[in-house]
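Residues per chain are reported as follows:
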Amino acid sequence: MTDSQEKAEEQAQRGPNWLLFIIPVTLFVVLVAFFVRGLSLNPRYVPSPLIGKPAPAFSLPALSDPETILTERLLSGQPTLLNVWATWCSGCREEHDFLLQLARTAGVPIYGLNWKDDAEAARSWLKQLGNPYQAVAFDGEGRVAIDWGVYGAPETFLIGADGKVLYKHLAPLTAEVWEREFVPLLSEARGGAR
Amino acid sequence: MSSLSKGRAGRWAAILALLLTSARAAHAVDTPPAEMEDRFRSYIESVRCLVCQNQNIADSNAPLAADLRREVLEKMQAGESDDAITAFLVERYGDFVLYNPPLQSNTLLLWIGPALFVAGGLVIFILVVRQRSGEGIDDDVPGSG
């Protein structure tokens, strides 16, 4: 058998080889694509299953006056913000000044959910640093926070005029986040008017 | 007993009683009744602590984990089923709160993916072996060159 004939036979026998090479390589590339995408996602940001659903009902004493009972009805009628905070939360201190600014300029009522905090400490905190909230509900036991799927502070919810949860932001609120994520939803919630 | 040891015994009894009641108050939320213990323990080991995401709420020290354990225990004591409690948690925290992702359309690939890889690998293996043994037979037969 000549060299070229041998080579031709070898080539014929080696036929499916390129396929066996291509399949694992393709699978590998697909896997890598998934991993790269996955690495860019942050597992801390668990998507909230509450989006699009009515705000969870609650009935809590007001921080300022335990005789007053606050409910989820506070949050409907117009777009509102519910901010989950506590004196033990450093991120809450970070965003506090921005919340004060927001309360003055944004035209959106901000309600507070004081989570697993000491009521007295919370009251002095607000007195000392300023109070951006229309009202603060005191959730000492954290049961209402569980209903809202809270797992860290601060968290800020945007609720529509119909009382449905539109958005949830984890981590401190900043001007950048407000402009980028809340403002578009807010103008939509207001029917285009700003 | 002498009057001295009676007084001491009385004091110890009082201290013990105080400790027991305060301990009970502190741990009531976490201590299931004996018959529920196994069910409670195995259930809380299947729930993820969202604060320390690589721990379950049984092991996590986060306050949220303690709160969730309390919720689970209260619901079990109220007679709710494991499925009902799971539905409660998932409604609030999403599927991620479960260590065992549910078998749904969006998790199908997650569940059968490994099996698919094994199957794919087997196919490739068989093809390669067949191909190689094809060449081998020729080599074994003397004089075929």
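Residues numbered from 1 in each chain as written. Chains lettered and ligands numbered in written order. Predicted model: local features only at pLDDT ≥ 70, side-chain atom pairs only at ≥ 80, totals over all residues. Heavy atoms only, no water.

(A) Geometry of the overall build of chain A. For chain A, the helix and strand inventory stands at six helices and seven strands. Listed by position from the N terminus, the elements making up chain A come as α-α-β-β-β-α-β-α-β-α-β-β-α. Taken across its 194 residues, chain A has 40% of its residues classed as buried. Counted over contacts in chain A with a minimum sequence separation of 6, partners at least 24 positions apart contribute 69%. In the form shown here, chain A has an accessible surface area of approximately 10,600 Å², with 59% of it arising from carbon and sulfur atoms. (Helix = DSSP H or I, 4+ residues; strand = E, 2+ residues; numbered from the N terminus. Buried < 20%, exposed > 50% of the residue type's maximum accessible area, 1.4 Å probe, protein only. Contact = heavy atoms within 4.5 Å. Areas by Shrake-Rupley, 256 points an atom, 1.4 Å probe, with all protein chains shown as cover.)

(B) Inspection of the nonpolar core at higher detail. In terms of nonpolar packing, the biggest core is built from 48 residues, with Leu75, Leu82, Trp148 and Phe157 of chain A together with Leu89, Tyr93 and Val97 of chain B touching the most fellow members. Broken down by element, the residue count for this core peaks at six residues, all from helix α3 (residues 63-77) of chain B. Not counting chain neighbours up to four residues away, the residues in contact with tryptophan 148 of chain A comprise Leu50, Ala55, Pro56, Phe58, Leu75, Leu82, Phe157, Ile159, Val165 and Lys168 of chain A. Listed in part, the 24 residues of the second largest apolar core include Leu81, Ala106, Ile110 and Val177 of chain A. (Core = buried A, V, L, I, M, F, W, Y, C linked by side-chain atoms within 4.5 Å.)

(C) Structural view of the interface of chain A and chain B. Residue-level contacts link 26 residues of chain A with 25 residues of chain B. When chain A packs against chain B, the two sides together hide about 2,100 Å² of surface, and 57% of this comes from carbon and sulfur. Among the residues of chain A in contact with chain B, Leu20, Arg143 and Ile146 of chain A are the three that bury the most area, contributing 28% of the side total. Our count for the contact surface shared by chain A and chain B stands at four salt bridges. Between arginine 92 of chain B and aspartate 147 of chain A there is a salt bridge, with its nearest N and O atoms 2.8 Å apart. Taken together, the links from chain A to chain B amount to five residue pairs in polar contact (both at pLDDT 80 or more). (Buried area = accessible area lost by both parts, 1.4 Å probe. Salt bridge = Lys/Arg side-chain N within 4 Å of Asp/Glu carboxyl O. Polar contact = N/O pair within 3.5 Å; in protein donor to acceptor, adjacent residues only side chain to side chain.)

(D) Up close: the packing of aromatic side chains. This structure, assessed with the given rule, holds seven aromatic pairs over all chains. Here phenylalanine 58 of chain A and tryptophan 148 of chain A contribute two aromatic rings whose centre-to-centre distance is 6.4 Å and whose plane-to-plane angle is 55 degrees, an arrangement assigned as tilted. Taken together, the residues span a long stretch of sequence, with phenylalanine 58 of chain A in the loop between α2 (17-40) and β1 (59-61) and tryptophan 148 of chain A in the loop between α5 (143-147) and β6 (155-159) at a distance of 90 residues. Overall, the relative accessible area of 0% leaves tryptophan 148 of chain A in the buried class. Judged by centre distance (5.3 Å) and plane angle (15 degrees), the rings of tryptophan 178 of chain A and phenylalanine 182 of chain A are stacked. Separated by four residues within a single helix, tryptophan 178 of chain A and phenylalanine 182 of chain A lie in helix α6 (residues 175-189), roughly one turn from each other. By the burial criterion, tryptophan 178 of chain A is buried, and phenylalanine 182 of chain A matches it. Among the aromatic side chains, those forming a connected cluster through ring pairs are Phe58, Trp148 and Phe157 of chain A. It is lysine 75 of chain B that lies over the ring of phenylalanine 88 of chain B; its NZ or CZ is 4.1 Å from the centre. (Phe/Tyr/Trp six-rings, centres within 6.5 Å; stacked < 30°, edge-to-face > 60°. Lys NZ or Arg CZ within 6 Å of the ring centre and 35° of its normal.)

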